[in-house]
Amino acid sequence: MKNYAELLFTDSVRALQDEAGVGAKFEAVYRQRTRDSLSEEELGFIATRRSFYLASVSADGWPYVQHRGGPRGFLKALGSNQLGFADYRGNRQFITMGHSARDNRVALILMDYENRERLKLLGRLTMIPIEDAEARVVAELATEGEGKIERIALLDVVAFDWNCQQFIPRLIEAERLEAALAENERLRRRCGIPPTELV
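An account of the accompanying structure is given in this report. Predicted model only: the values in this text are computed from it and were never measured.

### Overview of the environment of Arg 31
- Structurally, Arg 31 can be placed in helix α3 (residues 23–31).
- It is 40 Å that separates the C-alpha atoms of Arg 31 and Glu 175, two residues lying 144 residues apart in sequence.
- Within the structure, Arg 31 has its side chain in polar contact with the side chain of Glu 27 (distance 3.1 Å).

### A closer look at the sheet that holds strand β3 (residues 76–77)
- One open sheet accounts for seven strands, arranged β2-β1-β5-β6-β7-β4-β3; its pairing is antiparallel. Strands at the two margins of the open sheet, each flanked by one partner only, are β2 (63–69) and β3.
- Here strand β1 (residues 51–57) runs beside strand β5 (residues 105–112); their pairing, made up of three bridges, is antiparallel. Considered in β5, the bridge of Tyr 53 is made with Ile 109.
- Together, β3, β4 (82–88), β5, β6 (117–129) and β7 (149–162) form the strand contacts of helix α4 (residues 40–47), whose direction differs from that of β6 by roughly 70°.

### Quick word on the pattern of salt bridges
- Enumeration over the complete set of coordinates arrives at 18 salt bridges.
- In this structure, the salt-bridge partner of Arg 14 is Asp 18, at a minimum N-O distance of 2.9 Å. In this pair, Arg 14 and Asp 18 are both assigned in helix α2 (residues 11–20), four residues apart and thus about one turn of the helix distant.
- A relative accessible area of 43% means that Asp 18 is categorised as partly exposed.
- Across the pair Arg 49 and Asp 112 runs a salt bridge whose closest N-O atoms are separated by 3.8 Å.

Criteria and cut-off values
Residues numbered from 1 in each chain as written. Predicted model: local features only at pLDDT ≥ 70, side-chain atom pairs only at ≥ 80, totals over all residues. Heavy atoms only, no water. Helix = DSSP H or I, 4+ residues; strand = E, 2+ residues; numbered from the N terminus. Polar contact = N/O pair within 3.5 Å; in protein donor to acceptor, adjacent residues only side chain to side chain. Pairing = 2+ DSSP bridges. Contact = heavy atoms within 4.5 Å. Axes fitted to C-alpha atoms, helices over the stretch in contact; angles between N-to-C directions. Salt bridge = Lys/Arg side-chain N within 4 Å of Asp/Glu carboxyl O. Buried < 20%, exposed > 50% of the residue type's maximum accessible area, 1.4 Å probe, protein only.

Below you can see the structure in the form of structure tokens.
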């Protein structure tokens, strides 16, 4: 696995960092962040995500970002440095698939808005038609009730980085909020307090 900064802190980026007086600091910090593989911390975080953002680049150099979602844990670890997900029928534009067929370098951002955390991944994406995929991998990545799998997406992770919490809005999933409100109403009834009126 490569160091995230070595891939993204190009000469022009480093010149700007130096101009701002932070180049040496970043060099020292990121030198310590090289890892051989994703740790239990990263794998645990990935296993609990319900969505992520996936960026690819067109043949003309235009970036494209799409949102991928599914049941919690639909993005699965297939090894210490490989992730995968089942690709179901979508809007039939095939943008990410077309981009990755030419240049398979992609970036992912995985968010935990409630705890204000984000994990950034760089990797190489391979889209495999379902008929060419290993049965074992298909079975591992399939999600019940999601329909027919058209292809398997494999991501070989090349580098990763955790981002700071700054500017991440704290959002709570609707299901967790509804459960908390229901529990609040149950406790109010038990104590003889009138139900809350929500406007």
